[in-house]
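Remarks on the overall topology
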Amino acid sequence: MVENPYASSVTPLKQEAPLPPEIVLASRVKRLIARIVDSFVEGIFFWLCVLLFPVIRDAQNRVIENSLSDVENMEFDFWTDLVLPTFTAESVAFWLIGIGITFICQAYLLARYGQTIGKRMLKIRIVKHDSYRTPTLTRSFGIRECGIYLLYWIPFLPVIEVLWIFGEQRRCLHDLWSGTIVIDDLN
């Protein structure tokens, strides 16, 4: 039989190796709850920094403007200041500091344990897909976590990205592009 030089190549598709029996993929529900916990923690820092720091700054300005004897008689419109914060360079700096602290805490936990605060609470962790070891800081935080936040700026893409978890491998797009999986932490 003559070989056709114009025929497409026949290369078998790479089959995913089954997980070792000691590795159990984290459930979709645990992953969802962990993400909600992480968002809640990040939200606390966001609202504390955005809302409370301008209020504190305004209170400090009022104390400075008034004499110390008038401090007891000063009226603070706390709720108005809380609901209508003033966005100054100082308040934005405090917000960035708060978010930065959150990211540093999350990055440390990811580099050390392969877990965020939410994943640590639910006893699940991120591991490399091929070696089942804790990924490097670059892979777990730089590529995976920061990539998720970049996706939030594109309409509808976060929803599409998360829907990938309903596949057989239970991996979102950020798991695929960073080469990670999320497993139950049996330690």
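The coordinates are above.
About the cut-offs
- Residues numbered from 1 in each chain as written.
- Predicted model: local features only at pLDDT ≥ 70, side-chain atom pairs only at ≥ 80, totals over all residues.
- Heavy atoms only, no water.
- Phe/Tyr/Trp six-rings, centres within 6.5 Å; stacked < 30°, edge-to-face > 60°.
- Lys NZ or Arg CZ within 6 Å of the ring centre and 35° of its normal.
- Helix = DSSP H or I, 4+ residues; strand = E, 2+ residues; numbered from the N terminus.
- Buried < 20%, exposed > 50% of the residue type's maximum accessible area, 1.4 Å probe, protein only.
- Polar contact = N/O pair within 3.5 Å; in protein donor to acceptor, adjacent residues only side chain to side chain.
- Contact = heavy atoms within 4.5 Å.
- Salt bridge = Lys/Arg side-chain N within 4 Å of Asp/Glu carboxyl O.
- Pairing = 2+ DSSP bridges.

Details of the packing of aromatic side chains
In this structure the tally under the stated criterion is zero aromatic pairs. Above the face of the Tyr 113 ring, Arg 120 is positioned so that its terminal group lies 4.1 Å from the ring centre.

A closer look at the side chain of Gln 115
Mapping Gln 115 onto the fold places it in the loop between helix H3 (89-113) and helix H4 (117-121). Assessed through its relative accessible area of 3%, Gln 115 is described here as buried. Among the polar contacts made by the side chain of Gln 115, one reaches the side chain of Arg 120 at a distance of 2.8 Å. Not counting residues within four places of it along the chain, the set of residues in contact with Gln 115 comprises Gln 106, Leu 109, Leu 110, Arg 120, Ile 124, Arg 125 and Asp 185.

Observations concerning the pattern of salt bridges
For the structure shown, the criterion picks out four salt bridges. For the salt bridge of Arg 31 with Asp 175, the shortest nitrogen-to-oxygen distance reads 2.6 Å. Remark: Asp 175 occurs in helix H7 (residues 173-178) and Arg 31 occurs in helix H1 (residues 28-65); sequence separation between them is 144 residues. A salt bridge links Arg 144 to Asp 175; the shortest N-O distance between them is 2.5 Å. Residue Arg 144 is located in helix H5 (residues 137-151), and its partner Asp 175 is located in helix H7; the two are separated by 31 residues in the primary sequence. Exposure class is identical for Arg 144 and Asp 175. Each is buried. One salt-bridge network, held together by shared partners, links Arg 31, Arg 144 and Asp 175.

Some details on unusual backbone geometry
Negative phi is the rule for most residues except glycine; trans is the rule for most peptide bonds. Unusually for a residue other than glycine, Lys 123 sits at a positive phi of about 55°. Examined against the element boundaries, Lys 123 turns out to sit in the loop between H4 and strand S1 (124-128). The exposure class assigned to Lys 123 is exposed, which follows from its relative accessible area of 53%.

A few points about the pairing of strand S2 (residues 180-184)
Counting buried positions along S2 gives five out of five residues, so the element sits mostly inside the fold. Bridge analysis of S1 against S2 gives five bridges, and the strand direction is antiparallel. Bridge pairing links Ile 126 to Val 182 in S2.

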